[in-house]
Amino acid sequence: PAPLDRVHDAGGTAPLRATLDRLAATARVRLSYSPDLLPLTRAVCLPAAPHTLGDALVAALEGTGAAPVVAGADLVVLAPARASAAIGAVPLLARSTGRLQRVVVTGTPGGGPARAPP
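Criteria and cut-off values
- Residues numbered from 1 in each chain as written.
- Predicted model: local features only at pLDDT ≥ 70, side-chain atom pairs only at ≥ 80, totals over all residues.
- Heavy atoms only, no water.
- Helix = DSSP H or I, 4+ residues; strand = E, 2+ residues; numbered from the N terminus.
- Buried < 20%, exposed > 50% of the residue type's maximum accessible area, 1.4 Å probe, protein only.
- Areas by Shrake-Rupley, 256 points an atom, 1.4 Å probe, with all protein chains shown as cover.
- Pairing = 2+ DSSP bridges.
- Axes fitted to C-alpha atoms, helices over the stretch in contact; angles between N-to-C directions.

A. Looking closely at the overall build of the protein. Of regular secondary structure, the protein possesses three helices and seven strands. Along the protein, helices and strands appear, N-terminal first, in the series β-β-α-β-β-β-α-β-β-α. Buried residues in the protein amount to 26% of all 118 residues. As displayed, the protein offers around 8300 Å² of accessible surface, 59% of which is attributable to carbon and sulfur atoms.

In structure tokens form, the structure reads like this:
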């Protein structure tokens, strides 16, 4: 099966780092992630019932801003999750822009004498 479809039953409570290590070992995959982007000491509680690696990773990574991405037959990358864009939503930068003041440019591209302002 695909990496995220592998079923296992590694439930319990442990720090995120230990949970990720245990999930990788039981599903026989390698996980790649930046430890600077994840709260590895945060406690994570997973149910003991059998579930897929994908479901377990999504549950373990909830609130971290990371999501599992398959990068090979036995490699899963925990990458920053993309925020879903709402249709017709105005980007944050566009909401905060204002009207620019009039700008008068003097001089010439060749560095010759400037003309008088209007």
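B. Representation of the sheet that holds strand S3 (residues 30-32) within the structure. Taken together, three strands build an open sheet; the order of strands is S3-S7-S6 and the sheet is mixed. In this open sheet, the two strands that pair with only one neighbour each are S3 and strand S6 (66-72). Adjacent strand axes in the sheet meet at a mean angle of 30°, parallel and antiparallel pairs treated alike.

C. Quick peek at the pairing of S6. Summarising the sheet, S6 and strand S7 (residues 75-80) pair through six bridges and their orientation is antiparallel. Considered in S7, the bridge of Ala66 is made with Pro80. In textbook terms, the turn of a hairpin is the stretch between consecutive antiparallel strands, and for S6 and S7 this stretch comprises two residues.

D. Quick peek at the environment of Gly54. With respect to the secondary-structure elements, Gly54 resides in helix H2 (residues 53-60). For the pair Gly54 and Pro3, spaced 51 residues apart in sequence, the C-alpha separation works out to 7.9 Å.

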